[in-house]
Structure formats: C-alpha cells, structure tokens
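The lines below spell out each chain.
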Amino acid sequence: MSKQYDVIIIGGGNAGFGVSAVAHAAGKSIAFVENWDFGGTCPNRGCTPKKFLVAAAQTLHEIERAEVHAIKVGAPKLDWAALIKREKSMVGFIPDAMADLAMKRGDVYRGTARFTGPNTIDVDGLVLTGSNIVIATGSVPRPLPIPGAEYLATSDDVLSNENQPDEVVFIGGGVIAMEFSHVYARAGTKVTILEVAPRLLPQLDEDAVAALQAESERLSITVKTGVEVKEIVKIDGRLRVAYAIDGVDQFVDADQVVNGAGRIANVDALNLDAGNVKHDRLAIEVDGYLRSTSNPAVWVCGDALVGSAQLSPIATYEGRIVGENIVSGPSVKPEYKAIPSGVYTVPALSTVGLTEKSATEKGLNIKVTTSDMTGWFSGKTYAETVAYAKVIVDEDTDRIIGAHMVGHHSEDLIHHFAMAIRYGIPASDLKSDIFAFPTFSSDIKSMF
C-alpha cells in the first residue's frame, strides 16, 4: 500500500520550496523527498557561502586601493582557514531550518527517489503515489572526460578546504571559475584558467567579458583559451595538467585543480524511463508550462530544467509557476527576458536582456552605447580599476533591451535596467528621471 499525495516534490532546494509555497497555501497534500541537505546548493554549497569569500576579496580590493585615497596601510594577509570557518558558521543552520519549513508544509522523506511508474516513485523501498510529481533535483558538477579527472576538486571543496593552495588551475572558464579565481588571486594564490572555448563566458556579452578578463589579468590570473586538456597526473604530491593550444603541448603544475566547467541537471538517477518522462539523458523535454511533454503528471523546475539559467532566483520563480499551474491548471508560462544575473568577481560583471550579438541577429534597429567610466567623476572618486557599461536600446520602440556592466556597483545598478525592460519603461523616461547625486545610480542617464 503506497502513500498518496497531491504533490510529490523531489528535491528540497529553492525550486522545490517555490512549488510548496503555492501548493501548501492551496491546501494540497505534499511530500518532500531529499537525499542530502534541505536548502539545496545555493544556500549550503553555492551562492550564499561563496559570498563570504567574495566579501573578503572585496575588502582586499579596497585595501589595494587605499593609497589612492591617501590612506597608508601595510600588506594584508588573509587567514584562509579562519575565513572558511566563518563561512561555515554562517550557513550551518540552514539545512535544519529549511527541513523544519518543509515539515510544516508536508511530509518529509529522506532518501533517493526513483520512478517506478508514471505517478509513482520509490524512496529507498517506500512507494509514494502523486497526482503531480515535481522534479526539482538541482544540478551537479559537469563531469569532464579527462584522464586523471579523479583528482579534480569541485566548488564544494573550495568552500570547505581550510588550506589555501599556493597554485590553482581551473579547467573551464565559467562563472564558478571566474568567481573563485578572483578570491584566490586576491588572497595570494597563483591562478590559471584553461578554457576550451575561444573565449571566457561565451553566453555573455563579448565586450563586457573582455573588460572582466582584462581586470582578471591585472590581478595576475593567467587565462588561456582554445585549450585542449589532455590529462591530469600526480607528481611528487602535486598535480600536473597537460594541455595543448594550437597543437603545441604545454603543462602547468598546481596544488589544486578545480572543475570550472559548470553544472548539469541532476536527473540521471531518477529512472525517468519508468516514469514515461521523455529525456535525452541530460534534458527533460517540457512544454511552455514546465510540464513533461510525455507525462502530464510530471513537472520540472530549477537547475533540473535545462534551457533557463541556473540561478537561485530563477529556481524559486519557476517553482512558483509550477505550483500555480498544478493548483489552477496550466496557465502560466515563465518569462526570462528581464532577469538580471551576475558573475560575482571583484568587481562584478552584471547583465540583463539581449547581448549586442543576439539583438543584431534578431535584426533589431539598435543603438549601442559603450562607456569606460573609470574616468567619470564617480569612477575617479572611488579609484575604480574597471568600470564598463554597454546599454542597448531598440530605436524603433525607445525601449532598453539589454545592459551589460563590469564594476561601478553593477550588481545593484543592473536592477534599474531590468525593471525598465520588464515594465517597458521608455529609455527616454529613464534617462530623464531624477536620481540622488552624487551616486553611481545618477550615472545611469549617461550610459545610453
């Protein structure tokens, strides 16, 4: 005899909690299935603990610029072990707190879920039946088919290792690699990034990425692109990464080699075929309402959904949409055009909307304004080492359709542009708005 629920949520992260918030409010019976810690990657092993390291890097950056402000300081020394202990102490309460919230909304099952039928799952021998089953299992590091891949560390290891390495190699130049490389470099670690693609962060605006790369290289981070990594071997207690560029063999030695190639949907162990869930081993096929095209009882949201960005706010957003579609019937589709995101290097790269390339490919009549703001009054006041902006306006509609920034408090300013895109605020209205002065926000009207 199996237990039956209106909604079974596989995964206790942001996406799952987004679903449960709506379903619980509607009086639906809910089962949570989680095989690790509640809260998921972001608060436990991702964006939240990472920010403590980024905050330390930001402080080191401010100390570096102190002399420009007529402040004399000595050379700083980061106590890496103490920083990791602080990070752990600040997030350690999260799994229990999130588990308590889950238990207030439904029944909690600890274990690994596998489909046994279109409406049934097995959780370590216990069968659960759901009118709706939500796959919100998050993501895992992308496996790299490299000889010696067993020596690769992950972002989890970076956030837990109390020993600061002298030299680090990141294989892959994605978001994780860029963010941690800035932390390491500012802490005194020698950093090398090996990226297979012709450039870093290929999904982001090319010129903004170039500005970030220039700042990274100013920090003595070595960036190599177009790389073929051949193997990782252990030699005398250290790791050697053998690679080739344009057919020329090279190598670099390090204390730690980190998988910086991004993450993939964590769906491999779900036995999707038994649930009549169409997939290609990586991506589950869904319709516009985030429902499986082959099994209408199954929904997908968060990092388990391939196609949208792997961001915590998007996971919550998609989870709430799935919840609404379960409660009221399929009626809500996600809209991603105005979702801001950031690469939390120091300074950060922030982006929203279309890149210049994608806008051009769409055939839009665009005005593109790029700005080096290091020479602006605010940039000089705060002695910014990089302050770049590109704003894209559709001249036929007078609407901002994209903005891409590095530095200049971009992680905050990007939300002005996101709001303008989301609500269709004319570019001319934003340009003529009144901002407090002097602020970084008051520079917005000069960026386009």
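Rules used in this analysis
Residues numbered from 1 in each chain as written. Predicted model: local features only at pLDDT ≥ 70, side-chain atom pairs only at ≥ 80, totals over all residues. Heavy atoms only, no water. Helix = DSSP H or I, 4+ residues; strand = E, 2+ residues; numbered from the N terminus. Buried < 20%, exposed > 50% of the residue type's maximum accessible area, 1.4 Å probe, protein only. Contact = heavy atoms within 4.5 Å. Areas by Shrake-Rupley, 256 points an atom, 1.4 Å probe, with all protein chains shown as cover. Lys, Arg positive; Asp, Glu negative; His and termini not counted. Charge placed at Lys NZ, Arg CZ, Asp CG, Glu CD. Expected span 1.5 Å × (residues − 1). Pairing = 2+ DSSP bridges. Right-handed = clockwise from strand over helix to strand, strands pointing away. Axes fitted to C-alpha atoms, helices over the stretch in contact; angles between N-to-C directions. Parallel < 35°, antiparallel > 145°, perpendicular 65-115°, else oblique. Left-handed = near helix turned anticlockwise from the far one by under 90°. Nonpolar A, V, L, I, M, F, W, Y, C, P; charged D, E, K, R; others polar. Salt bridge = Lys/Arg side-chain N within 4 Å of Asp/Glu carboxyl O. Disulfide = S-S within 2.5 Å.

Right, let's talk about the overall build of the chain for a bit. Looking only at helices and strands, the chain has 13 helices and 21 strands in total. Every one of the 448 residues in the chain was classed for burial, and the buried ones make up 51%. Across the chain, the fraction of contacts at a sequence separation of at least 24, relative to all contacts at a separation of at least 6, is 64%. Roughly 20200 Å² of accessible area belongs to the chain as shown, and the carbon and sulfur atoms make up 52% of that amount. Of the side chains in the chain, 41 bear a positive and 55 a negative charge, and the two mean positions are spaced by 2 Å.

The terminal C-alpha atoms of helix 3 (residues 47-64) lie 25 Å apart, and with 18 residues this matches the ideal 26 Å at 1.5 Å per residue to within 8%. By the burial criterion, the buried members of helix 3 are Pro49, Lys50, Phe52, Leu53, Val54, Ala56, Ala57, Leu60 and His61. Where helix 3 is buried, its residues touch helix 2 (41-45), helix 4 (80-91), helix 7 (175-187) and helix 8 (206-218).

All right, on to the pairing of strand 2 (residues 30-34) then. Taken residue by residue, a regular strand's side chains alternate between the two faces of the sheet. Along strand 2, 5 of the 5 residues are buried, which leaves the element largely enclosed by surrounding structure. Residues Ile30, Phe32 and Glu34 line one face of strand 2 and the alternating positions Ala31 and Val33 line the opposite face, and both faces are buried. Note that strand 1 (residues 3-10) and strand 2 share 4 bridges and pair parallel. In the sheet register, Ile8 faces strand 2, and the bridge partner there is Ala31. With helix 1 (residues 14-25) bridging strand 1 and its parallel neighbour strand 2, the resulting β-α-β unit is right-handed. Pairing of strand 2 with strand 3 (residues 107-110) involves 4 bridges; the strand directions are parallel. Along strand 3, the bridge assignment pairs Val33 with Tyr109.

Another aspect to go through is the packing of helix 1 against helix 5 (residues 94-105). Relative to each other, helix 1 and helix 5 sit at 30°, their axes nearing to 10 Å. With respect to helix 5, the axis of helix 1 lies roughly parallel. Like other packed secondary-structure pairs, helix 1 and helix 5 cross with a definite hand, here left-handed. Contacts between helix 1 and helix 5 involve Phe17, Ser20, Ala21 and His24 on the former and, on the latter, Met98, Leu101, Ala102, Lys104 and Arg105. Across the contact of helix 1 with helix 5, the residue classes break down as 5 nonpolar, 2 polar and 2 charged.

Once that is clear, we can look at the pairing of strand 11 (residues 227-235). Inspection of the sheet shows strand 11 paired to strand 12 (residues 238-245) by 8 bridges, in the antiparallel sense. Residue Glu228 lies in a different strand from strand 12, and its bridge partner there is Ala244. Where strand 11 hands over to strand 12, the hairpin turn is made up of 2 residues, of which Asp236 adopts a positive phi near 55°.

As a further point, take the sheet that holds strand 13 (residues 248-254). Across a sheet, strands are paired by hydrogen bonds formed along the backbone, either parallel or antiparallel in direction. Judged by pairing direction, the sheet is antiparallel, and its 3 strands sit side by side in the order 11-12-13 without closing on themselves. Only two strands of the sheet have a single partner each, and these edge strands are strand 11 and strand 13. Here the strands of the sheet are splayed against their neighbours by 25° on average, with no regard to which way each runs. Across 7 bridges, the pairing between strand 12 and strand 13 is antiparallel. The residue bridging Ala242 from the neighbouring strand is Phe251, located in strand 13.

Throughout the structure, instances matching the rule amount to 19 salt bridges. Among the salt bridges present, the one from Lys390 reaches Asp207, with a minimum N-O distance of 2.7 Å. Of the two residues, Lys390 sits in strand 20 (residues 388-394) while Asp207 sits in helix 8, which places them 183 residues apart along the sequence. Taking the relative accessible area as the measure of exposure, Lys390 reaches 1% and is therefore buried. For Asp207, a relative accessible area of 36% puts it in the partly exposed group. Look at the salt bridges and you will find they share partners, linking Glu64, Arg186, Glu215 and Arg218 into a network.

Spatially, 4 strands are ordered 10-9-8-14 in an open sheet, and the strand pairing comes out parallel. Bordering the open sheet on either side are strand 10 (222-224) and strand 14 (256-259), each of which pairs with just one other strand. Sheet twist, expressed as the mean angle between neighbouring strand axes with direction ignored, is 15°. Taken together, the 4 bridges between strand 8 (residues 167-171) and strand 14 define a ladder with parallel strand orientation. Across the sheet, Val169 pairs through a bridge with Val257, a residue of strand 14.

Looking now at the state of the cysteines. Under the counting rule described, the total for this entry stands at 1 disulfide. Between Cys42 and Cys47 runs a disulfide, and the two sulfur atoms are separated by 1.7 Å. Disulfide Cys42-Cys47: torsion about the S-S bond near -130°, hence left-handed. A relative accessible area of 23% means that Cys47 is categorised as partly exposed. Cys301 forms no disulfide, and the closest cysteine sulfur to it belongs to Cys42, at a distance of 15 Å.

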